[in-house]
Amino acid sequence: MQYEKDLEQKLVQLCKNNNIWCLKFTAVGTAGLPDRVLISYDTGAIGFLELKRTGEKPRPLQKYMMKQLRKFKQLVDWTDNYEGCEDFVRRLLEK
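Residues numbered from 1 in each chain as written. Predicted model: local features only at pLDDT ≥ 70, side-chain atom pairs only at ≥ 80, totals over all residues. Heavy atoms only, no water.

Visitor: Just checking my understanding: could you explain the pattern of salt bridges for this structure?
Guide: Close approach of charged atoms lets side chains of opposite charge pair. Enumeration over the complete set of coordinates arrives at eight salt bridges. Arg 91 is the partner of Asp 87 in a salt bridge, and the nearest nitrogen-oxygen pair spans 3.1 Å. With Asp 87 and Arg 91 both in helix α3 (residues 82-94) and four residues apart, this pair spans about one turn of that helix. Within this structure, Asp 77, Asp 87, Arg 90, Arg 91 and Glu 94 form a network of salt bridges that share partners. (Salt bridge = Lys/Arg side-chain N within 4 Å of Asp/Glu carboxyl O. Helix = DSSP H or I, 4+ residues; strand = E, 2+ residues; numbered from the N terminus.)

Written out as C-alpha cells, the structure is:
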C-alpha cells in the first residue's frame, strides 16, 4: 500500500525533474480542491492533481470541484499511484 505522503514526495521530485512548480493547497476555503497545482515553468500550463492513498477514491465534494475546474478547460485528475503522476505530468507538458 502506498500512502498519500509517499506519493506526494515522489510527485514533487518528478515535478522538479520536469521544470514544474508543484504547489500544495492548504489554505482555509480550499475544501474539495485537488491537493496539488502544477505549473510548467516552460509553457505556463496549469494542472490540478488530487493524490490518494492506494485504493482510495475522491470524495463527492472533490469530484464536484474537479468537475467545476474542467468547465474552465483545466487539466484535472486524481491518482493513487506513481504511474498516474507520470501520466499527468506528461499530459501537462503536452498542453
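Alright, that's what it looks like, and here's the rest.
Visitor: Any chance you could explain the confidence of the model for the protein here in plain terms?
Guide: Low pLDDT marks stretches whose predicted atomic positions should not be read closely. Across the protein, pLDDT averages 94, with 96% of residues at or above 70. Taken element by element, the protein is modelled with least confidence in helix α1 (residues 4-17), mean pLDDT 95, and with most confidence in strand β4 (residues 75-79), mean pLDDT 98. (pLDDT = per-residue confidence, 0-100.)

Visitor: Honestly, the pairing of β4 in this entry has me stumped. Any pointers?
Guide: In summary, the side chains of a regular strand alternate between the two faces of the sheet. Bridge analysis of strand β3 (residues 46-51) against β4 gives five bridges, and the strand direction is parallel. Its bridge partner being in β4, Glu 50 is matched across the sheet by Trp 78. Regarding the hand of the β-α-β motif, the stretch spanning β3, helix α2 (residues 60-71) and β4 is right-handed. (Pairing = 2+ DSSP bridges. Right-handed = clockwise from strand over helix to strand, strands pointing away.)

Visitor: Help me understand the nonpolar core in this model?
Guide: Soluble globular proteins tend to pack their nonpolar side chains together in the buried interior. One finds Leu 11, Cys 15, Leu 38, Leu 49, Cys 85 and Val 89 to be the most contacted residues of the largest nonpolar core, which totals 15 residues. When residues of this core are traced back to their parent elements, those giving at least two are α1, β1 (20-24), β3 and α3. What Leu 38 contacts, discounting residues up to four positions off in sequence, is Leu 11, Cys 15, Ile 20, Trp 21, Cys 22, Ala 45, Ile 46, Gly 47, Leu 49, Phe 88, Val 89 and Leu 92. (Core = buried A, V, L, I, M, F, W, Y, C linked by side-chain atoms within 4.5 Å. Buried < 20%, exposed > 50% of the residue type's maximum accessible area, 1.4 Å probe, protein only. Contact = heavy atoms within 4.5 Å.)

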